[in-house]
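# Structural characterization, general
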Amino acid sequence: MVDFDVVDLPEHDAPEPGDTAPDFTRPLVNDEFWEDASLSDVAADGPVLLVFHTMAGAFPATYVWNELRDRGVPEDVQAVGVSISSPYEHKSFLEERDVDARLFSDPAAGVAADYDLEHDLDGMTGVTEHRPAVFLLDEERTVQYRWVADEWPDFPDYEELADALAGL
């Protein structure tokens, strides 16, 4: 059994419903390849469920993506993740977890900084990862729904998220 402490996370200023989510360009990984893509280009193809998660393979990322896979995301909503993991790690994660999503690679956590979702890992000097968060965005990147973790580990209310997805 893994033993860990629950950590209270500091206040944040992440985008709220009605705000325009910051745009960014990073490598976007699918089950076959990756290429640079911007969030605005992805959103132009339809609503986006943007999931900030821990490193690929860490139990919180695995749990969140397993829940989303098992509960299902509507076909007209694009499930897109972002974490510090490399494109290679993301590709392996997508294959191993059978996740129908694309994942942005943000190793320097610049996107986390833009969204005020940085989480400095205790005991790992110089390692910052993404604070768990979920944003439902429309085609203009307007935030329709937001959930941001208050502690680590923490997970979204999946029923509330399902209601937000159904109401889009």
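The rules we used
Residues numbered from 1 in each chain as written. Predicted model: local features only at pLDDT ≥ 70, side-chain atom pairs only at ≥ 80, totals over all residues. Heavy atoms only, no water. Buried < 20%, exposed > 50% of the residue type's maximum accessible area, 1.4 Å probe, protein only. Helix = DSSP H or I, 4+ residues; strand = E, 2+ residues; numbered from the N terminus. Pairing = 2+ DSSP bridges. Patch = residues over 30% accessible without salt bridge, like charges linked within 9 Å, V, L, I, M, F, W, Y side chains within 5 Å. Areas by Shrake-Rupley, 256 points an atom, 1.4 Å probe, with all protein chains shown as cover. Salt bridge = Lys/Arg side-chain N within 4 Å of Asp/Glu carboxyl O. Lys, Arg positive; Asp, Glu negative; His and termini not counted. Charge placed at Lys NZ, Arg CZ, Asp CG, Glu CD.

### Concerning the pairing of strand E9 (residues 133-137)
Most of E9 sits inside the fold, with 5 of its 5 residues counted as buried. Of the two faces of E9, the one lined by Ala133, Phe135 and Leu137 and the one lined by Val134 and Leu136 are each fully buried. Of the pairings in the sheet, the one linking strand E4 (residues 48-52) to E9 comprises 5 bridges and is antiparallel in character. Within the sheet, the bridge partner assigned to Val51 lies in E9 and is Val134. The pairing of E9 with strand E10 (residues 143-148) spans 5 bridges and is antiparallel.

### Concerning a negative patch on the surface
On the surface, a cluster of negative charge is made up of Asp31, Glu32, Asp98 and Asp100. By the secondary structure assignment, Asp98 is in the loop between helix H3 (87-97) and strand E6 (102-105). Overall, Asp98 belongs to the exposed group, its relative accessible area being 59%.

### As for unusual backbone geometry
Here Trp152 and Pro153 are connected by a cis peptide whose omega angle stands at -5 degrees. If you trace the backbone, Pro153 turns up in the loop between strand E11 (151-152) and helix H5 (158-166). One non-glycine residue with positive phi stands out, namely Asp98, at about 55 degrees. You will see that Arg141, though not glycine, has its phi angle at about 70 degrees, which is positive. Its location among the elements puts Arg141 in the loop between E9 and E10. On the basis of relative accessible area, Arg141 is assigned to the buried category, the value being 16%.

Keep in mind these numbers describe shape, not what the thing actually does.
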